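Structural overview for review
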Amino acid sequence: MAQKSEEDDKVRLDKWLWAARFFKTRALAKAAIESGKVHCRGERCKPGKEPRIGDEFEIRTGFDEKTVVVQALSIVRRGAPEAQTLYAETEASIAKREAAAAMRKTGALGVSTDGKPSKKQRRDLFKFRGNSSGE
């Protein structure tokens, strides 16, 4: 077996996020980091940052925002059960995500309507807004 060198412990953040299965490709992980969707200690990160065991990252993917603590480092993408051993999501993060999912499910975040407005409702909307283009 080959000797483990010092460089084996060095992992880029984009590669770790890809290996931990937060993003489908390494390019997507890099783009997310560069666009400010990944924070460490409240600050934006760079793709070349080296995560350490115990570091806490806030990761935004779609509607979800997860706060995870690094538990192991890997540059190899494996199956989901193995990838989940690389990090632990905080209890507060889990509760926050579940609450947000429940809100989305009940439709509390958006405006719910009965569908497309009728012609009269549309006219009233245009009148309310002061638009004369609708009439």
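Bear in mind the structure is a predicted one, so any value in this text is a computation, not a measurement.

As for the sheet that holds strand S2 (residues 43–44)
With respect to topology, five strands assemble into an open sheet ordered S2-S1-S3-S4-S5, the strand pairing being antiparallel. Across the chains shown, the open sheet's two edge strands, defined by having one partner strand only, are S2 and strand S5 (87–89). In the sheet, strand S4 (residues 64–70) pairs with S5 via three bridges, with the strands oriented antiparallel. Looking at the pairing, Val70 lines up with Tyr87 of S5. Those strands touched by helix H4 (residues 91–106) are S4 and S5, and its axis lies near 165° from that of S4.

Points about the packing of aromatic side chains
Note on aromatic pairs: each is described by the distance of the centres and the angle between the planes. This model, assessed by the stated rule, comprises three aromatic pairs. Arranged with centres 6.2 Å apart and planes meeting at 40°, the rings of Trp16 and Phe22 form a pair that is tilted. Comparing Trp16 with Phe22 shows no difference in burial state: the two are buried. Note on Phe22 and Tyr87: the rings are 4.7 Å apart at their centroids and 45° apart in plane angle, and the pair reads as tilted. Here Tyr87 lies in strand S5 and Phe22 lies in the loop between helix H1 (13–19) and helix H2 (26–34), a separation of 65 residues in the sequence. Each member of the pair, Phe22 as well as Tyr87, is classed as buried. Ring-pair connections join several aromatic residues into one group, and the members of that group are Trp16, Phe22, Phe57 and Tyr87.

Comments concerning the side chain of Glu58
With respect to the secondary-structure elements, Glu58 resides in strand S3 (residues 56–61). If we ignore the near neighbours within four places in the chain, the residues touching Glu58 are Lys37, Val38, His39, Cys40, Arg41, Gly42, Glu65, Lys66 and Thr67.

Concerning the confidence of the model for the protein
When pLDDT is averaged along the protein, the result is 86, and 87% of the positions lie at 70 or above. Below a pLDDT of 50 lies the segment residues 1–7, which in the model reaches two contacts outside its immediate sequence neighbourhood of four places, other chains included.

Section: the nonpolar core
One finds Leu13, Trp16, Leu17, Phe22, Val38, Phe57 and Ile59 to be the most contacted residues of the largest nonpolar core, which totals 20 residues. With four residues, H1 is the largest single contributor of residues to this core. Apart from residues lying up to four places away in sequence, Leu13 is in contact with Ile33, Val38, Cys45, Lys46, Pro47, Lys49, Pro51 and Phe57.

Side note on the pattern of salt bridges
As a working rule, side chains carrying opposite charge can pair if their charged atoms are close by. Under the defined criterion, the tally for this structure stands at eight salt bridges. Residues Asp64 and Arg104 are paired through a salt bridge, measuring 3.7 Å at the closest nitrogen-oxygen approach. With Asp64 in strand S4 and Arg104 in helix H4, the pair connects residues that are 40 residues apart, well separated along the chain. A residue is classified by how much of its surface remains accessible, and Asp64, at 23% relative accessible area, is partly exposed. For the salt bridge of Arg97 with Glu89, the shortest nitrogen-to-oxygen distance reads 2.8 Å.

Cut-offs used in this document
Residue numbers run consecutively from 1 along every chain, following the written order of its sequence. pLDDT decides what is reported in this predicted model: residues at 70 or higher carry local features, side-chain atom pairs at 80 or more are listed and counted, and totals for whole chains, interfaces and linings draw on all residues regardless. With hydrogens and water excluded, all non-hydrogen atoms of the structure serve as input to the side-chain values. Strand pairing is defined by DSSP finding a minimum of two bridges between the two strands. Put simply, DSSP H or I for four residues or longer makes a helix, DSSP E for two residues or longer makes a strand, and each gets a number counted from the N terminus. The contact criterion used throughout is that any non-hydrogen atoms of two residues lie within 4.5 Å. Here an axis means a line fitted to C-alpha atoms, over the contact stretch when the element is a helix, while the angle between two N-to-C directions is reported on a 0 to 180 degree scale. Pairs were defined over the aromatic rings of Phe, Tyr and Trp, the Trp ring being its six-membered one, requiring ring centres within 6.5 Å. Orientation was assigned from the angle between planes: stacked under 30 degrees, edge-to-face over 60, tilted for the rest. Here's how the labels work: a residue is buried when its accessible area is under 20% of the maximum for its type, exposed when over 50%, partly exposed in between, all with a 1.4 Å probe on protein chains only. For every residue, the predictor reports its confidence as pLDDT, a number between 0 and 100. What we call a nonpolar core is a set of buried Ala, Val, Leu, Ile, Met, Phe, Trp, Tyr and Cys residues that are connected through their side-chain atoms within 4.5 Å. Whenever Lys or Arg places a side-chain nitrogen within 4 Å of a carboxyl oxygen from Asp or Glu, that contact is recorded as a salt bridge.

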